[in-house]
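The lines below spell out each chain.
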Amino acid sequence: MTGIESRESPRLPLLRGNADAVAGLVVAAFGVFFAVAAVNVEASPFANTVLEPGDLPLVVAVGLIVAGLALTVQSVVRARRRAVDVVGAAAGRAARADPAASDPAGSGVAGSGGAEPRPRPDRRDLLVYGALLVGYVLTLIPLGYIASTFVFILVGSMYHDRLHLVRNVVYAVVFSMGVFVVFNYALGVILPPGVMGFMP
Amino acid sequence: MTDILGDLATGFGHALTPANIGWVLLGVLVGTVVGVLPGLGSITAIALLIPVAFGLDPLSGLIMLCGVYFGSQYGSSTTAILVQTPGDMGSVVTTIDGHEMAKGGRAGPALATAAIGSFLAGTLSVVALTFLSPWLADAALQLGAAEYFLLMLLALLLVSTLTTGSSLKAVISALIGLALATVGINPGSGVPRLTFGSLELSSGFDFALVAISIFAVAEAARVLSVRGRSAEKREVGRIWMSKEDWRRSAGPWGRGSVVGFVIGVMPGIGPSLASYVSYILEKTVNRKHRREFGKGAIEGVAGPEAANNAGVGGALVPMFTLGIPGSSTTALLLFVFTMYGLQPGPQLLETNSTLVFGIIASLYIGNVALLALNLPLVGLFAQLLRIPTPHLYLGVTAFAVLGVYVLKFSQFDLYVMIAFGVLGFLIARYGFSAATLVLGMVLGPLLEQNLERALNISGGDPAVFVERPISRVLVVLIVVVLLVPLLSLLARRRRDRRPLVDAAAPGSERAEKKE
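All of these numbers come straight from a predicted model, not from anything done at the bench. (Residues numbered from 1 in each chain as written. Chains lettered and ligands numbered in written order. Predicted model: local features only at pLDDT ≥ 70, side-chain atom pairs only at ≥ 80, totals over all residues.)

1. Here's the deal with the overall build of chain B
In terms of helices and strands, chain B carries 21 helices and 2 strands. Taking all 515 residues of chain B together, 58% fall into the buried category. Residue pairs at least 24 apart in sequence account for 78% of intrachain contacts in chain B once pairs closer than 6 positions are excluded. (Helix = DSSP H or I, 4+ residues; strand = E, 2+ residues; numbered from the N terminus. Buried ≥ 20, exposed ≤ 12 C-beta atoms within 10 Å, placed from the backbone. Contact = placed C-beta atoms within 7 Å.)

Printed below as a string of C-alpha cells:
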C-alpha cells in the first residue's frame, strides 16, 4: 500500500480521539451562540453612534467561528497526514487502533503545538475536588468562613493523606482561624461569621 | 538638568526623614504581603492603606502608597512563580516560565531574578521618570485613538502568534478573552450586552476573578487530580542564582526595563502590557535558549518582571505630567492626590515641585527597601514548596475563594469562579493559552474604547487608521505579523510535502522500500 492509497482509507481518525478537532468544533459552536447573542444586543440610544454595542461582540464571534473551524480542519488534516506517514508500519496500525497511544498528552492528534505531555487526571480525584469546591462555595455564607474553610481543608487533606489526622486537623484550624483573624481584625475585611457569630 | 538635580536633592531631604523612611518601609512590606495573597493586587493594597494615608501629611501618605504600589507588584510575582497564581495582570506572564522553574526545583533563582530585576528596572524607571518625564509625556500625546487601537491590536496579534504552542489556539484564547471583555454594560452607550438579563453580569467579569479562577483554581484541580503527584514532595532546590543565571538574566533585565518604561508611559495601557511585550521580545532575541521558553527559561521571568516594575515607574509619568492615569492603580493614586486637594498635571510640577520630587526620591528609597526586604525572604518563600502538595493547593483554593469573595462579597462571583475554573482546567489540558486569554480580556475594553473614539472623530471613516505616519507604520507591522506565520506555514507545508511526493513517485527509492 502506498501513501497515496492510504489517504482514501475510510478508517482514518477524523474526530474520534482527536481532541483538537473536537475543541475546534466546540469553539465554533460557542462562536455561533455568541453571534446570535451579539445580534440581539440592543442598538445604541444615540443617533450618531458609529460603533454599535453589538458590533465588536459580533466581530469576535465571527473570529471564533472561523478560528474554531480552522483548528478542526488543521487537526484533521494533520491526523490524516500522520496516518499517511506511518502507513505500512506496525506503529501506524497501532496508532489507528488506539488513537490515544499516539497522543500521550491526550491533547489531540495535532495542533498542540509542541505542548509538553501532561499526565492524565484521575477522574475520581477531579470529581472529589470539584465536589469539595462546590460544597465550600455553597456553605461559605451559611456556615461562615471559619467552619466552611475548616471542613473544606480537613476533608480535602484527609482524602489525600489519611495517615496524618492530627497534622490535617491542626492545619485546617490554623489556616481557617488565622485567615479569619487577619482579615477581620487586621485588614478590616469582614468575612461571614456564620455559626461562629458569637466571636467578637 | 541642574534644576532637576537641585529639586531631587530637596526631595531626598524631605523623603529621608526617619518617619518617611518608616512609612515607605511599611508601604513596601504591606504591598508585598497583600500582593502575595491571590486576588489581592495593588489596588486592594492601596485601598487598604488609604485610611492610614489620610491621617498623614500629603508627602508621607503618598510616599507610603507608592511603596505599596511597588511592593504589591513584586509580591504578586511570588505566588505566580510558586503556585501559578498571579496577583495581578503584570505577573500573569511570569507564571509561564516562573512556575515551570519552581516545578523543576529552581524556585529560588526564579524569585531572586524577579527581585533583582524588579529593583534594577524600578530604579532605572525612576531615573527615567526624573529626567525624561516632560519629553515622554509630549511623545505619548502624539498618539491618538487610532494609534492606540492599532498598537493594542498589534500587541494582541504579537502575543497570539509568538507565544509557545499553537498560534491558532493562542488566537482562539485571545478571542475568548475579548468575548469575555464585551460582557456587561457598554460604556459608550450604556446598553447592557450579553448579560442575558442578569444584574450581576451587568458590571462584566472582574479581571481578578477571571485570573484567580483560570490560574489558581485550575492549577489546584490539575495538581490534586494527578494520581501520585499530589503525594510527592516538591523539590526546593538551590536558593541563589548561579553564574549562568546571572549571565542569562542581565540582558532581559536591561531590555525589560526599557520596554516596560516606554510602554508604561502610554496613557491607558500602563504596565499590564509591558510584561507580555518583554516576554515576546526575549523569546525573539534569544535564539540559543528559545526552546526552553515555556519550560522554565530564566529569561522568561527576568525580562517580564523587570518590564512590569519599570512599567510602574512609566505609568507615573502621565499621572504626574498630564494628570492621566496609566493604569487602574494609578487612577486610584490620582484619586488620593485629589483627596489631598492636589491636581496632578502640568501645573503640579510648577506649583508643588517639593512634593513631586519628594515622592520621586521616595521611589528610589522604596526600590532599595523592596530589595532589602525581599531578597532575604527568597529562601523563606521558596520553603513554601515544602508544604505537602495537598495542603498547599487546598490552601491556594481557599485563598482563591477568599480573594474572589472579597472582591464584591458576592456568592454569584463564587459560582462564576467555578465556571472559569473549569474553563481554565480545559484550557491547560488542551494546550490553549490562559495568559493570552487574560490579555485579550484586559485589552478588550481599551481596544473598543479607542476604536470607537477614532471612528467618532473621523465620522465613521476607516481611513483614520492610515492617515498619519505613525498609524501607517503600525498597519504595516500588523500586516507583517499576520503574513509571516502564514508564509512560514506554507513554506513548511511545501517542505513537508516533498518527501511524500518523492515516496509516492513510482520507482523512487522510498516507495520501493515500502512496497
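2. What to know about the overall build of chain A
Within chain A one finds 7 helices and 0 strands. Burial status across chain A gives 34% buried among its 200 residues. Of the contacts made within chain A by residues no fewer than 6 positions apart, 63% connect residues no fewer than 24 positions apart.

3. Regarding the nonpolar core
Within the largest apolar cluster, 200 residues are counted, with the highest numbers of intra-cluster contacts made by B:Leu65, B:Ile214 and B:Val438. Counting residues in hydrophobic clusters, the runner-up holds 5 residues, among them A:Val76, A:Ala79, A:Ala83 and A:Val84. (Core = buried A, V, L, I, M, F, W, Y, C linked by C-beta atoms within 7 Å.)

4. What about the domain arrangement of chain B?
All names here are of chain B. On domain assignment, one finds that chain B holds domain 1 (2-457) and domain 2 (468-515). In this assembly, 11 residues from domain 1 lie in contact with 9 residues from domain 2. Examining the composition of the side of domain 1 that touches domain 2, we find that 9 residues originate from one element, helix 7 (residues 145-162), more than from any other. Residue classes in the side of domain 1 that touches domain 2 are distributed as 8 nonpolar, 2 polar and 1 charged. (Domains from an automatic or database assignment. Nonpolar A, V, L, I, M, F, W, Y, C, P; charged D, E, K, R; others polar.)

5. Some words on the packing of helix 6 (residues 145-160) of chain A against helix 17 (residues 389-408) of chain B
In a pair of packed helices, the angle between the axes and the distance between the axes together describe the arrangement. Running from amino to carboxyl end, helix 6 of chain A crosses helix 17 of chain B at an angle of 155°, the nearest separation of the two axes being 10 Å. With respect to helix 17 of chain B, the element helix 6 of chain A is oriented roughly antiparallel. The chirality of how helix 6 of chain A crosses helix 17 of chain B is right-handed. Across the interface between the two elements, A:Thr149, A:Phe152, A:Ile153, A:Gly156, A:Ser157 and A:His160 from helix 6 of chain A touch B:Pro390, B:His391, B:Leu394 and B:Ala398 from helix 17 of chain B. When grouped by side-chain class, the residues that make up the contact of helix 6 of chain A with helix 17 of chain B number 5 nonpolar, 5 polar and no charged. (Axes fitted to C-alpha atoms, helices over the stretch in contact; angles between N-to-C directions. Parallel < 35°, antiparallel > 145°, perpendicular 65-115°, else oblique. Left-handed = near helix turned anticlockwise from the far one by under 90°.)

6. What about helix 19 (residues 434-458) of chain B?
Residues and elements named next belong to chain B. For helix 19, spanning 25 residues, the distance from its first C-alpha to its last is 36 Å, which sits close to the expected 36 Å at 1.5 Å a residue. Leu-443 marks where helix 19 bends most, by close to 40°; the proline Pro-445 follows one to four residues later. Along helix 19, 18 of the 25 residues are buried, which leaves the element largely enclosed by surrounding structure. A positive backbone phi angle near 70° is found at Gly-459, which sits one or two residues after helix 19. (Expected span 1.5 Å × (residues − 1). Bend = angle between axes of the 7 residues up to and from the residue.)

7. Quick word on the confidence of the model for chain B
Residue and element names in this part refer to chain B. In the predicted model, chain B carries a mean pLDDT of 82, and 89% of its residues have values of at least 70. Summarising per-element confidence for chain B, the mean pLDDT is lowest in helix 21 (residues 509-514) (42) and highest in helix 18 (residues 411-429) (93). Note that pLDDT drops below 50 for residues 507-515; the model gives that stretch 11 contacts with residues more than four away or on any other chain. For this predicted complex, the interface score ipTM comes out at 0.79, alongside a pTM of 0.75. (pLDDT = per-residue confidence, 0-100.)

8. Quick look at the environment of B:Gly13
Locating B:Gly13 in the fold gives a position in helix 1 (residues 2-15). When the 13 C-beta atoms within 10 Å are taken as the criterion, B:Gly13 is described as partly exposed.

9. Quick word on unusual backbone geometry
Residue and element names in this part refer to chain B. Not every positive phi belongs to a glycine, and Leu-194 is a case in point at roughly 50°. Assignment of secondary structure puts Leu-194 in the loop between strand 2 (192-193) and helix 9 (207-224). Of the residues examined, Leu-194 has 21 C-beta atoms within 10 Å and is grouped as buried. For Phe-409, which is not glycine, the phi dihedral falls at a positive 55°.

10. What about the packing of helix 2 (residues 18-36) of chain B against helix 15 (residues 353-374) of chain B?
Residues and elements named next belong to chain B. With their axes 9 Å apart at the nearest point, helix 2 and helix 15 run at an angle of 55° to one another. In terms of their interaxial angle, helix 2 and helix 15 are classed as oblique. As helix 2 runs across helix 15, the sense of the crossing is right-handed. From helix 2, Asn-20, Ile-21, Val-24, Leu-25, Val-28, Leu-29 and Thr-32 reach across to helix 15, where they touch Ser-362, Ile-365, Gly-366, Ala-369, Leu-370, Leu-373 and Asn-374.

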